[in-house]
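Residue-level structure breakdown
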Amino acid sequence: MNLDWKALLTQALGFLIVVWLLRKYAWGKLLAFTEKRRETIAAEFASIEKSKGDVDGLRRKFEEELAGIETTRRARIQEAVSDAHQIAGEIRDEARKEAIAMRVKAGEDINLDMDKANVAFRDDMVNAVIGATEKLIRTRLDDAQHRTLINQFLDEVGSRPARG
């Protein structure tokens, strides 16, 4: 094996010249480009981290607002339940008042009917007593005199204490 020293030396010298030219003219630009790219990537990572922080802040804010909404919802439900209980109580009170009013009116109606019945009974008694009296004495007094006598008798009987 024979090495061609001239070709080897020419290739090594050509390689060194290419490296020197690249270092002198291209290496700085390549390093500047890679440094700029590294800074861009670092800035993007920082931006991503900042965005994550912003997203976390927004998430916390939304969770707090959601909790506030939930609290407000529960308060409104409690308020509605309270209002419903109050309305139900008012309805019950109104129904009680109406029932009491109906009982009072029924009592008044019963008393009025009893008074009417007593008057009718008294008139019937007066007529019966007049008829019986006419038969007993076979003479007829005028109607006004009979009624006056019977009413006096009934008043006397009504004012006497009852025997027990």
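Residues numbered from 1 in each chain as written. Predicted model: local features only at pLDDT ≥ 70, side-chain atom pairs only at ≥ 80, totals over all residues. Heavy atoms only, no water.

Details of the overall build of the chain
If you tally the helices and strands in the chain, you get two helices and zero strands. A compact globule built from 164 residues should have a C-alpha radius of gyration of about 15 Å, whereas the chain, at 61 Å, is more than 25% larger. On the principal axes, the C-alpha backbone points of the chain span a range of 185 × 35 × 30 Å. Burial statistics for the chain: of 164 residues in total, 3% are counted as buried. In the structure as shown, the chain presents an accessible area of about 15000 Å², 62% of it carried by carbon and sulfur atoms. Here the chain carries 28 positive and 28 negative side-chain charges, and the mean point of each set is 11 Å from the other. (Helix = DSSP H or I, 4+ residues; strand = E, 2+ residues; numbered from the N terminus. Rg over C-alpha atoms; globule rule 2.2 N^0.38 Å. Buried < 20%, exposed > 50% of the residue type's maximum accessible area, 1.4 Å probe, protein only. Areas by Shrake-Rupley, 256 points an atom, 1.4 Å probe, with all protein chains shown as cover. Lys, Arg positive; Asp, Glu negative; His and termini not counted. Charge placed at Lys NZ, Arg CZ, Asp CG, Glu CD.)

Some words on the pattern of salt bridges
Applying the stated criterion across every chain, the model contains nine salt bridges. The partner of R59 in a salt bridge is D56, with the nearest N and O atoms 3.8 Å apart. Here the residue R59 and the residue D56 both occupy positions in helix α1 (residues 5-137), the gap between them amounting to three residues, near one helical turn. For D109, the salt bridge identified is with K105, shortest N-O distance 3.4 Å. Taken as a pair, D109 and K105 lie in helix α1 at a separation of four residues, close to a single helical turn. Because the salt bridges share partners, they merge into one network encompassing D56, R59 and E63. (Salt bridge = Lys/Arg side-chain N within 4 Å of Asp/Glu carboxyl O.)

Considering a nonpolar patch on the surface
A grouping of L13, I17, W20, L21 and Y25 is seen on the molecular surface, where their side chains present a nonpolar patch of about 550 Å² in accessible area. Relative to the helices and strands, Y25 resides in helix α1. When its relative accessible area of 53% is taken as the criterion, Y25 is described as exposed. (Patch = residues over 30% accessible without salt bridge, like charges linked within 9 Å, V, L, I, M, F, W, Y side chains within 5 Å.)

Describing the environment of F33
Note that F33 resides in helix α1. For the pair formed by F33 and I48, sequence separation is 15 residues and the distance between their alpha carbons is 22 Å.

Remarks on the environment of H85
Tracing the sequence through the fold places H85 in helix α1. Residues H85 and W20, 65 residues apart in the sequence, show an inter-C-alpha distance of 94 Å.

Such coordinate-based values are descriptive only and should not be taken to indicate function.
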